[in-house]
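Letter by letter, the chains look like this.
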Amino acid sequence: MSAQAWAVVCAAGAGERFGGERPKVFAALAGRPLLAESLERLEACEEIVGIVVAAPAGWEEPVILLAEELGCSKVSAVVTGGSTRGGSVRLALAEIPGEAELVLVHDAARPLVSEEIVARVLEPLGRGWEAVVPALPVADTVKRVEDERVVETVDRGSLVSAQTPQAFRADVLRTAYAKQGEATDCAALVEERGGRVCWVEGDQRLHKVTTPDDLALVEGWLGES
Ligand code: C5P
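Residues numbered from 1 in each chain as written. Predicted model: local features only at pLDDT ≥ 70, side-chain atom pairs only at ≥ 80, totals over all residues. Heavy atoms only, no water.

Draft legend 1. Structural context of the site of the ligand. Lining the immediate surroundings of the ligand are 16 residues, of which Cys10, Ala12, Lys24, Ser88 and Lys208 lie closest. The side chain of Ser88 places a nitrogen or oxygen atom 2.7 Å from a nitrogen atom of the ligand. Relative to its free-state accessible area of 460 Å², the ligand is covered by the protein chains to the extent of 86%. Broken down by class, the residue content of the shell around the ligand amounts to 6 nonpolar, 5 polar and 5 charged. (Near = heavy atom within 4 Å. Polar contact = N/O pair within 3.5 Å; in protein donor to acceptor, adjacent residues only side chain to side chain. Areas by Shrake-Rupley, 256 points an atom, 1.4 Å probe, with all protein chains shown as cover. Nonpolar A, V, L, I, M, F, W, Y, C, P; charged D, E, K, R; others polar.)

Below, the structure written as structure tokens:
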């Protein structure tokens with residue numbers, strides 16, 4: 001039997017860089033809220049047994065209605081997100097049953113999650129890794145800067161850029177979030193504690209929607225993934 005995991009969908013925050021009247025996860029992607037894509041795709045994953053969504057404050061009801069409309073019966077709770085992404089994950093984790101062994105954390109801002117990538121991030125957890133990050137090698141030359149000045153060129157050979165969904169042993173993720181630390185991704189908290197974190201090949205189509213241009217880019221990939 002394949003690994004069984006719970007999923008946290010991070011869908012809170014205003015998405016200020018995106019702009020617009022509604023939170024970013026309600027921006028239209030091919031005529032549907034951006035969030036619909038992640039919900040529907042995670043619902044269809046055999047490995048996923050339950051889903052908890054962190055919703056933007058005041059948008060809990062529309063998230064519940066959307067999940068119902070899509071027939072996402074695995075969505076067991078919708079929580080009001082925190083003021084940071086880490087806060088949202090912490091609040092959502094509290095709704096995951098204690099017996100869950102594996103947890104996937106995914107950004108709704110990366111709508112094109114696939115069953116293939118879910119299987120890819122879950123697999124190393126069966127080989128002793130505690131956390132798994134999908135990531136892509138960095139294509140550009142990377143420079144460290146201070147204000148206007150370029151300080152150095154960083155060796156990109158050892159750099160990758162991290163995406164979601166990230167997969168975790170539930171106990172490890174809970175311990176990482178038990179402290180009040182902040183990080184831009186969950187794996188960083190596990191790394192800080194000396195946890196066993198590995199990376200697997202990510203997918204360009206897991207591109208994060210930050211601006212309306214990103215939305216257009218992702219929409220172009222929608223038919224093929
Ligand atoms: O803002 P950004 O796109 O980097 O956020 C990454 C993901 O985290 C998004 O899917 C967003 O909805 C989510 N988030 C959250 N709670 C916050 C801020 C962001 O769930 N307070």
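Draft legend 2. Here's a closer look at the packing of aromatic side chains. Evaluated as defined, the whole model comprises 1 aromatic pair. Measuring from centroid to centroid gives 4.8 Å for Phe26 and Trp59, while their planes differ by 35°, and the two rings are tilted. Residue Phe26 is located in the loop between strand E1 (5–10) and strand E2 (28–29), and its partner Trp59 is located in the loop between strand E4 (48–55) and helix H2 (60–69); the two are separated by 33 residues in the primary sequence. Among the residues examined, Phe26 registers a relative accessible area of 8% and is labelled buried. (Phe/Tyr/Trp six-rings, centres within 6.5 Å; stacked < 30°, edge-to-face > 60°. Helix = DSSP H or I, 4+ residues; strand = E, 2+ residues; numbered from the N terminus. Buried < 20%, exposed > 50% of the residue type's maximum accessible area, 1.4 Å probe, protein only.)

Draft legend 3. Region of interest: the packing of helix H1 (residues 34–43) against H2. Their axes nearest at 10 Å, the elements H1 and H2 cross at an angle of 50°. By the angle class used here, H1 and H2 are oblique. Where H1 crosses over H2, the two elements pack in a sense that is right-handed. Touching Leu35, Ala36 and Leu39 of H1 are Val63, Leu66 and Ala67, all from H2. (Axes fitted to C-alpha atoms, helices over the stretch in contact; angles between N-to-C directions. Parallel < 35°, antiparallel > 145°, perpendicular 65-115°, else oblique. Left-handed = near helix turned anticlockwise from the far one by under 90°. Contact = heavy atoms within 4.5 Å.)

These figures capture arrangement, not role.
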